[in-house]
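# Notes for the structure review
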Amino acid sequence: MTSYGSSSTASPRSRTNGLAIASLVCGIVGLFVFNVILGPVAIVLGAVGLRQAGVKGGAGMAKAGIVLGVLDLVLFGVLLAVSAANGGFSWYVGG
């Protein structure tokens, strides 16, 4: 006997690779915050997700995550160079 609102058949699961999705999300979030941390994470997750893409799918998202991870690291390098050219960081808080 089934309960109200449920079906007796199993629901189909998504075939998209979770590592590819995580890589894409880390790459996108890394563009805005923590790019030096999330960039390498996106690259590693994207590489593992791309390796698993034959079975689980998500090759496009894994490739996009790798590209965004590299872009995160390039962005960090540019921000670091601009900061160094302007005299470094200043943590002045006061009045």
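Here, the structure is the one placed above.
Sequence positions are assigned chain by chain, starting from 1 and proceeding in written order. Only residues with pLDDT of at least 70 get local features here, since the model is predicted, and only at 80 or more are side-chain atom pairs given and counted; chain-wide, interface and lining totals rely on the full set of residues. Remark: hydrogens and water are excluded; side-chain values derive from all non-hydrogen atoms of the structure.

## A short note on the overall build of the protein chain
Spelled out, the test is: Under the scheme used here, helices are H or I runs from DSSP no shorter than 4 residues and strands are E runs no shorter than 2 residues, and both carry numbers assigned from the N terminus. When accessible area is computed with a 1.4 Å probe and restricted to protein chains, residues below 20% of their type maximum are described as buried, those above 50% as exposed, and intermediate ones as partly exposed. Residues count as neighbours in contact if any of their non-hydrogen atoms are within 4.5 Å of one another. Values of accessible area rely on a 1.4 Å probe in the Shrake-Rupley scheme; residue burial ignores everything except the protein chains shown.
Counting its regular elements, the protein chain contains four helices and zero strands. Reading the helices (α) and strands (β) of the protein chain from amino to carboxyl end gives α-α-α-α. Evaluated residue by residue, the protein chain yields a buried proportion of 21% over its 95 residues. Across the protein chain, contacts joining residues at least 24 apart in sequence account for 68% of those joining residues at least 6 apart. Within the structure as shown, the protein chain displays about 6900 Å² of accessible surface, and the carbon and sulfur contribution to it stands at 70%.

## Details of helix α2 (residues 35-51)
Stated precisely, the cut-off is as follows: Expected helix span is given by 1.5 Å per residue-to-residue step, counting one fewer step than there are residues. Working definition: the arc comes from the directions between the helix axis and the C-beta atoms, pointing outward to the latter.
Between the first and last C-alpha of α2 there are 24 Å, a value that for 17 residues agrees with the 24 Å anticipated at 1.5 Å per step. Restricting attention to buried positions, one finds in α2 the residues Asn-35, Leu-38, Gly-39, Ala-42, Leu-45, Gly-46 and Gly-49. End-on view of α2: buried residues confined to an arc of 145°, all on one side of the axis. Away from the buried face of α2 by more than 90 degrees, exposed residues Ile-37, Val-44 and Arg-51 are located. Among the structural elements, α1 (18-30), α3 (53-56) and α4 (59-85) are those in contact with the buried residues of α2.

## Let's talk about unusual backbone geometry
With the exception of glycine, most residues fall at negative phi, and the peptide bonds are largely trans. One non-glycine residue with positive phi stands out, namely Phe-34, at about 50°. Along the polypeptide, Phe-34 turns up in the loop between α1 and α2. Taking the relative accessible area as the measure of exposure, Phe-34 reaches 60% and is therefore exposed.

## As for the packing of α1 against α4
In plain terms, the rule: Here, axes are lines fitted to C-alpha atoms. For helices the fit covers the stretch in contact, and angles between N-to-C directions go from 0 to 180 degrees. Oblique is the label for every angle not falling under 35 degrees (roughly parallel), over 145 degrees (roughly antiparallel), or within 65 to 115 degrees (roughly perpendicular). Handedness of a crossing follows from how the near helix is turned relative to the far one, being left-handed for an anticlockwise turn of less than a right angle and right-handed for a clockwise one. Three residue categories are used. Nonpolar comprises Ala, Val, Leu, Ile, Met, Phe, Trp, Tyr, Cys and Pro, charged comprises Asp, Glu, Lys and Arg, and polar comprises the others, including Gly.
Contact geometry of α1 with α4 gives a least axis separation of 8 Å together with a crossing angle of 30°. For the element pair α1 / α4, the angle class is roughly parallel. Seen from above, α1 lies across α4 with left-handed handedness. Taking contact as the criterion, the partners of Ala-20, Ile-21, Ser-23, Leu-24, Cys-26, Gly-27, Ile-28 and Gly-30 in α1 are, on α4, Met-61, Ala-62, Ala-64, Gly-65, Ile-66, Leu-68 and Asp-72. Residues of the contact of α1 with α4, tallied by class, amount to ten nonpolar, four polar and one charged.

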